[in-house]
Structures are given as C-alpha cells and as structure tokens.
Number of protein chains: 2
Amino acid sequence: MEIKGFAFSAVEAAIKKPGRLDLALIMSEVPAAVAAVFTTNRVKAAPVLLSMERVTNGVARAMVVNSGNANACTGSQGMADARETARLVAERAGVAEELVLVASTGVIGKPLPMERIRPAVPGLFETAAVTDLDGLARSIMTTDTFPKVASSTSEAEGVRYTIAGVAKGAGMIMPNMATMLSFVVTDAAVDPAYLDMVFRNAVDSSFNIISIDGDTSTNDTALVMANGMAANPTIQAGTPEADRFEKLLREVLLSLARQIVRDGEGATKFVEIRVTGALSDADAKKAAMAIANSLLVKTAFFGQDANWGRILAAVGYSGAEIDQDLVALSFDNVLMVRNGVFVGGDAEARGTEVLRKNEFSVTVDLALAGGSATVYTSDLSHDYVSINADYRT
Amino acid sequence: MEIKGFAFSAVEAAIKKPGRLDLALIMSEVPAAVAAVFTTNRVKAAPVLLSMERVTNGVARAMVVNSGNANACTGSQGMADARETARLVAERAGVAEELVLVASTGVIGKPLPMERIRPAVPGLFETAAVTDLDGLARSIMTTDTFPKVASSTSEAEGVRYTIAGVAKGAGMIMPNMATMLSFVVTDAAVDPAYLDMVFRNAVDSSFNIISIDGDTSTNDTALVMANGMAANPTIQAGTPEADRFEKLLREVLLSLARQIVRDGEGATKFVEIRVTGALSDADAKKAAMAIANSLLVKTAFFGQDANWGRILAAVGYSGAEIDQDLVALSFDNVLMVRNGVFVGGDAEARGTEVLRKNEFSVTVDLALAGGSATVYTSDLSHDYVSINADYRT
C-alpha cells in the first residue's frame, strides 16, 4: 500500500544487541501537520520531552525511533543524545532540526549508545534500508511477538487517501497507553487544529481502553502526521469528510490497540470487559479498568476459571457506585449472576466453556443508570512473569 | 501463653473439603470491649455486614470464623446463614446472639454448607476442640503456608497483661488489609472509646502498609477484644499506660502484617519500600504503594534484577509530586541513582548482590520536602500465577 509522500527505512544499530533492525525513520516529502499524545508519567524519557516541545509547532518532517534503549532516566546526557540523534537525521535530510521528532523504547536508565547510533544514521537514507510498514513495525518491537500494522482507505470529496499506522506494545499497557509507541501517517490534507482534536479523541477510545499490567511507562508516544499529498480539499471539522476521517482514524487505532492486547506479554486470552448500567460512563470505565487490572481476575482467566466472585470484588473496590444486590454478570451470553448472586443450574459448566475460548467477553450490568464502558485486556500467565523477571538479561 | 479469660477452639466442618480444621471460636468468659476495622470494598460479604452492625455495640463475647468459604455474593441466603451460625454459637454458649460476631474467608459466591456447619458447632464447645493460638491461626488458613501468631506482654500500673493475635493473609493484600483476617485479644481492661481509636491507628500503620497483589477483598476483618480479666485499672487515653498499650498493640499487628507479606502467595522476597523527601507523608505513601504494586517492579524483584528504572517509572505515575532530576534511589545501602541518573561504577553489580538476598530495602528519596512512608511488599513469582489460576480447583 502506498501512502503518498511518506518513506520508511530501518537499519541495525545494535543498540541493545546485534541481529535485528532497531533504528527506523519515517520521513515525509513535505512538511506534515502533526499531533501527538505522550505519557502522563511524571518521569518522562528524554525523547518524550524533546518531541513534546517540537510537536507544539504543529508541523514535522520526520520521526526517528529506536528500540532497545528507552533513553529514560538519563539526565542531561539523555537530552543531548536525543537532540543529537534528531540533528544527525535533520542534517542528512536537509531539513530544519525542529522538524525532526524522536522516540525511544527499551531498557530504562542506560545512556543511548551514541557511538553505534551515529554511524548508523546515514544508512537510514540508503536504498537498502527502505522498508514497508511491516518492516517499520518490526524495527520498533521489544518483547512484541508480532509486528502491528493497520491501514484503511477512504475518500474526501472524491479524492482517495489512506491512513496507516504501526504500533509496539506488549507489557505495561494502561492506563493511558503505557510502554506504547504508535506512529500513524496519512496522505490526507487535514486542518491541523482539527487533526489534534480528532487524534486525542481517537487515542482515548483506543489506546486508553486497553490494559495489560497496570503500569504506565516513561516513553509512551502516539503520533499522527498528515502530509496532504493526496491533494484532497483540506478536511475541516464539522463536515461529512471529517466524520469519515474520524471514523477511519479510530478504526486504525483500535485495530492497533487490539493487536497490542492480543500480544500482551505472555497473554493467552483476549478479553473484552463491558460494564453497563453504571451511574456514569466514568464510573463504568473505573469498574471495567479495575476488573481488567485485577491480578486475581487475570490469573483466573489464565486458569480458565469462571471465578465471577473475583470480578465482583474488583468492581467493589473500583470506586464506582454499586449496589451488590442489583449486579448481573455474564461470560459471553452465559448469565452467571443475577441480583448479586449466582444463578445456579448449569451456569458454572457453561461459563467454564466460555473461559476455555481464546477470546470472550465479560459483561457486568450494575443496573443503576445508563453509564457504560468497554475495555480490552489479557490474562496473566507464567510467561508474563518469565518475560519480566528476565527482561534485562 | 495465657490470655486470661479467653478460650480458643477449632473443629473440622469440611466446609471446602475434609481433612483440616476450618471452623473456629474465640470466646471470652465475660463481655469484652470490642473494636474492628472492615474491608472498604463496596461488595461486602454477609459476615462483614453482620459483624459491622454488631460491633457498634462496643461489646462482644465471641467470634466464630470459618475458612474455605467467604459467604460473599450470597445474597439474603448468605445473611441468613451468617446469622444462623452466630445464633447456634450463642445458644450453646448461653449468651445473647448480638454478642457473637462472625467472619469467613475462602471462595466467593458459593452458599455456606450449613448442613455441615450446623452439626459441627457443638464440637467447638468440647474439650477435644480446645486449641492454642497456633491452632486457631491454623484453622483460618486458606493459601497461607504457615500460621501467623504474635503476642507481647506488658504492665499497666504494676498489673501484667498480654496482647496476642492471629492473622491469615496470603494473596490480595492491599490496600487496606485485603483478604485478611486478624483477631487480637487482650486481657487488659481498656476504655472502649480509646480501644477503638488506638486499634484503628494500629491497623493503619500495620495492615494498611502492606501489599501483595493490589486486590482488596470482600471479607477483610481486623478485630480486637479486650476483656479486662487482668484486672488492671482501665487504660485511658492520654496516660503513660496508654502509650505503652498502643506501642504493644502496634508491635503485635506489625508482626502479623510482616508475616503476611513473608507468606504472600508465591513470594520469594520480603521487601521494605521507603520513600523519603516527599512533599507530604500522603505523597510518600502514594509513591511507596505504586512501587509495591507495580507488576514490573515485582517481577524484577523475583528475577533478582536491580531494575531501578521500573521503580522510578512507578513513582512517576503514582500521583506523587516528583522532580525526576532530584531523585535518589538505593537498594539497602547501595546508592544506584543520584539526581535522577545512574551513578555508574560497580553499582549495578553491588545492587544485584542486594537483590539476591531474601530480604532487602528499596529507598527512594524525592528530595523535595520532609514527607516519608514505609510499606512492605513481596515479589511476583510463577507460583503466584499457579496458586491463583488453580485456586478453586
């Protein structure tokens, strides 16, 4: 698939260890409108601090990203390294330094190996490094087991355009897009202020409704660049074209978000958690996130145990308003709990059947009012422990 | 050890399965002043609801407790069963029903097997059932691997008294004493209003500063009964006797709390988390709890990986005020981070040595002001996943 005016390249800089692509570049032929959402963690990696500053320009030409090292908790040296990486790219590309953004993912607290990054940068501009979205997605993987790519095509006033994106995730996903990088590009022409608004909304209803392990990283970055090379009339807020663009953007981000959950560290289950009947949508999200983040719930999913009691307990401490005598709970379409108590009969056996599936839903109806929320999560397995106990070795 | 006027007994009612003591009784010869702290979970088990109501009397004679079944999410049948259990004990003991409290721990959502509890109650009053604190502690174990007992003796105006307690914990410990039962008895005479105040403080600085897995249960109950049989002049607030009593009570509770962490499900490490230099004590506790509850931190502890970056990341999302350029971090006495960056040298090797120990401390100094907090936690191991994936089977 072609996204007009964007080029991707990736090289091996042996940042953590040799043997894989770990330095990548997204380059737009022309200045592109840019919007981004960054980690809410108070401890922010150097590339996050630098990109936060530069994205306020609203325009960018390039994003250079490395895996294998987060360049976080690296002090002033880390900031200097992030700036230098961007400058090296800017010089080669012949663009202003301020138009180059940076992102990093990997181990926290080790200085970037600039002695290996410096000589690797020129390679990003050679034909041999040119790659497709899949290659780009591969080069930003850390503990991911598969590259995450999504794209979709539509028209604005008869002009075809594409939105495409890559993501890396795996562990530490929640709340608010933890250890997550996602880069989305589109050749549509989009009004910059509208792009910023619509991208934040799309992130909220995609990356911010998934949860793997409850941790939030120092490096999260989700970014969109719109270069207008499709030559459509610029998409403006409040038009039918904007509605279509928004829907498409959310679709791409949600696909990436779901892929991230499916590839949660050690995950064997993909679970959709729906809470309905809450006092408000915010209450519903609190309850759904408490379920999604409960270790007891997640280990029960791994054990294929229809342990609805742990789910109700999680709702109980979530902070959401609840009357325990009104609650209903289902696994897929199997009703387990009505008015706060087990329905009996063969529900246990039928619920257990549902839990044996690789993908299922949990619905909790609080029966108080109309608030609702859906989040996605995975189970907690032995492999999660192995992956994270041995990560740096 | 004797605690004057208290008797303990335990029998097998085969509540979950046969082969162990699972129904126990704590009985005071005379009405005792009582104070208790219960789960903050909005979903409360029937015995919690009943005991919350009865403890407001300020006086009690007995606590009957079962393991193997939580009697939670059991609706009106659950309330009836909790009441009946208390009534059966009250009738046998010849005391008013309102003076009998109840507690349960175990699986959520299954009705109490009253057909097995009813015939087992009389046994609690037979000589064969008489047990010591250790036997009492054993009878309330679920996934605990050892019974948890603590006691201490002091004097009030020349009269000797004892404070002794048992606890069960294991998983789901935090915040606010999750899936935790603790029963403390003393033969001291203590002013009831003072007892209530001092017990809440002691719970706050013991059971509420430990964390195993971040879940909060439906059944938590911590209770103290003071029957005055030591015949000391009643301990009143604001006296030197009260100071001594408070110190002793906290010591007993803290010992039980530390035993709970040491026996965290699958735990291989006991870790003291100290945060200093915070804007306030509350901020320090937020930061310490975020570290204690981070899965990434806990799996790194299990992997004996001196991964200080994950610890700083947890502080970063804790909600505590932080300036990442000021932070210092140590494992025991090994300084790893100064001004937010790794100190270099042989710190990595020395830090890793510390992490190999079974017990160590993590100190994070935020260098902002004088707020501090200490919490205790364990690591997250493969066994935690196994225990909780297979719990109901």
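Owing to the predicted nature of the structure, the values given are computational and were not obtained by experimental measurement.

Draft legend 1. Seen up close, the overall build of chain A. Secondary structure assignment for chain A yields 11 helices and 16 strands. Across its three principal directions, the C-alpha atoms of chain A cover 70 × 55 × 35 Å. Scored against the burial criterion, the 393 residues of chain A give a buried share of 61%. A separation of at least 24 residues holds for 80% of the contacts in chain A among residues at least 6 apart in sequence.

Draft legend 2. Highlighting the domain arrangement of chain A. The domains assigned to chain A are domain 1 (6-262) and domain 2 (270-389). Computed from C-alpha coordinates alone, the two centres of domain 1 of chain A and domain 2 of chain A are separated by 33 Å.

Draft legend 3. Region of the structure containing the packing of helix H7 (residues 281-293) of chain B against helix H9 (residues 308-317) of chain B. Residues and elements named next belong to chain B. The interhelical angle for the contact between H7 and H9, taken along N-to-C directions, is 130°, at an axis separation of 8 Å. The orientation of H7 relative to H9 falls into the category oblique. Viewed along their axes, H7 and H9 form a crossing whose handedness is right-handed. Taking contact as the criterion, the partners of Ala 287, Ala 290 and Ile 291 in H7 are, on H9, Ile 311, Ala 314, Val 315 and Tyr 317. Broken down by class, the residue content of the contact of H7 with H9 amounts to seven nonpolar, no polar and no charged.

Draft legend 4. Region of the structure containing the nonpolar core. Membership of the largest hydrophobic core comes to 272 residues, with the highest contact counts inside it found for Ile 291 and Val 315 of chain A together with Ile 291 and Val 315 of chain B. In this view, Ile 291 of chain B contacts Ile 273, Val 297, Ile 311, Ala 314, Val 315 and Val 362 of chain B; residues no more than four positions away in its chain are not counted.

Draft legend 5. Structural context of the environment of Leu 380 of chain A. Considering the arrangement of structural elements, one finds Leu 380 of chain A in the loop between strand S16 (371-378) and helix H11 (382-389). Here the alpha-carbon distance between Leu 380 of chain A and Arg 350 of chain A, two residues 30 residues apart in the chain, equals 22 Å. Contacts of Leu 380 of chain A, omitting those with residues within four sequence positions, involve Leu 295, Lys 298, Thr 299 and Phe 302 of chain A together with Val 385 of chain B.

Draft legend 6. Quick look at the interface of chain B and chain A. Taken together, the contact pairs 51 residues of chain B with 51 residues of chain A. Of all the secondary-structure elements, those providing two or more residues to the side of chain B that touches chain A are helix H8 (295-302), H9, strand S14 (341-342) and helix H11 (382-389) of chain B. Considering every element that reaches the side of chain B that touches chain A, the biggest residue donor is H9 of chain B, with eight residues. Within the side of chain B that touches chain A, the residues separate by chemical class into 21 nonpolar, 22 polar and eight charged.

Draft legend 7. View of the pairing of strand S8 (residues 181-186) of chain A. All names here are of chain A. Counting buried positions along S8 yields six of six residues, so the element is predominantly enclosed. The two faces of S8 match: Leu 181, Phe 183 and Val 185 on one face and Ser 182, Val 184 and Thr 186 on the other face are all buried. In this sheet, strand S10 (residues 221-226) lies alongside S8 in parallel orientation, the contact comprising six bridges. Within S10, the residue paired with Ser 182 across the bridge is Ala 222.

Draft legend 8. Broad picture of the relation of the copies chain B and chain A. With an axial shift of 0.0 Å and an RMSD of 0.0 Å, the rotation relating chain B to chain A amounts to 180°. Both copies are brought into coincidence by an operation consistent with a two-fold rotation axis. Of every C-alpha in chain B, the one belonging to His 382 of chain B sits nearest the axis of rotation, 2.8 Å from it. In this assembly the copies share their binding face: 100% of the residues contributing to the interface of chain B also contribute to that of chain A.

Draft legend 9. Unusual backbone geometry, seen in detail. Its identity as a non-glycine residue notwithstanding, Gln 304 of chain A has a phi of 55°, on the positive side. Relative to the helices and strands, Gln 304 of chain A resides in the loop between helix H8 (295-302) and helix H9 (308-317). Residue classification places Gln 304 of chain A among the partly exposed positions, given that 19 C-beta atoms sit within 10 Å. Phi at Asn 71 of chain B takes a positive value of approximately 45°, unusual for a residue other than glycine. Along the chain, Asn 71 of chain B turns up in the loop between strand S3 (59-69) and helix H2 (75-93).

Draft legend 10. Structural context of the pairing of strand S10 (residues 221-226) of chain B. Counted residue by residue, S10 of chain B has six buried out of six residues, so it is predominantly covered. Burial along S10 of chain B is two-sided: Thr 221, Leu 223 and Met 225 of chain B and Ala 222, Val 224 and Ala 226 of chain B, pointing in opposite directions, are all buried.

Draft legend 11. Here's a closer look at the environment of Met 225 of chain B. All names here are of chain B. Structurally, the position occupied by Met 225 is in strand S10. C-beta crowding within 10 Å serves as the criterion here: with 29 such atoms nearby, Met 225 is assigned to the buried category. Placed 39 residues apart in sequence, Met 225 and Thr 186 show a C-alpha to C-alpha distance of 6.3 Å. Non-local contacts of Met 225, meaning those with residues more than four positions away in its chain, are made with Ser 28, Ala 32, Val 34, Ala 60 and Val 185.

Draft legend 12. Fine view of H9 of chain A. Counting buried positions over the 10 residues of H9 of chain A gives 10, a clear majority of the element. Turning to H9 of chain A, its buried residues number three or more, namely Trp 308, Gly 309, Arg 310, Ile 311, Leu 312, Ala 313, Ala 314, Val 315, Gly 316 and Tyr 317 of chain A. Check the buried side of H9 of chain A and you find it contacts helix H7 (281-293), H8, strand S12 (328-331), strand S13 (334-338) and strand S15 (359-365) of chain A together with strand S4 (100-107) of chain B. Phi for Gly 319 of chain A, located one or two positions after H9 of chain A, is positive at around 95°.

Rules of the game
- Residues numbered from 1 in each chain as written.
- Chains lettered and ligands numbered in written order.
- Predicted model: local features only at pLDDT ≥ 70, side-chain atom pairs only at ≥ 80, totals over all residues.
- Helix = DSSP H or I, 4+ residues; strand = E, 2+ residues; numbered from the N terminus.
- Buried ≥ 20, exposed ≤ 12 C-beta atoms within 10 Å, placed from the backbone.
- Contact = placed C-beta atoms within 7 Å.
- Domains from an automatic or database assignment.
- Axes fitted to C-alpha atoms, helices over the stretch in contact; angles between N-to-C directions.
- Parallel < 35°, antiparallel > 145°, perpendicular 65-115°, else oblique.
- Left-handed = near helix turned anticlockwise from the far one by under 90°.
- Nonpolar A, V, L, I, M, F, W, Y, C, P; charged D, E, K, R; others polar.
- Core = buried A, V, L, I, M, F, W, Y, C linked by C-beta atoms within 7 Å.
- Pairing = 2+ DSSP bridges.
- Least-squares fit on C-alpha atoms with pLDDT ≥ 70 in both.

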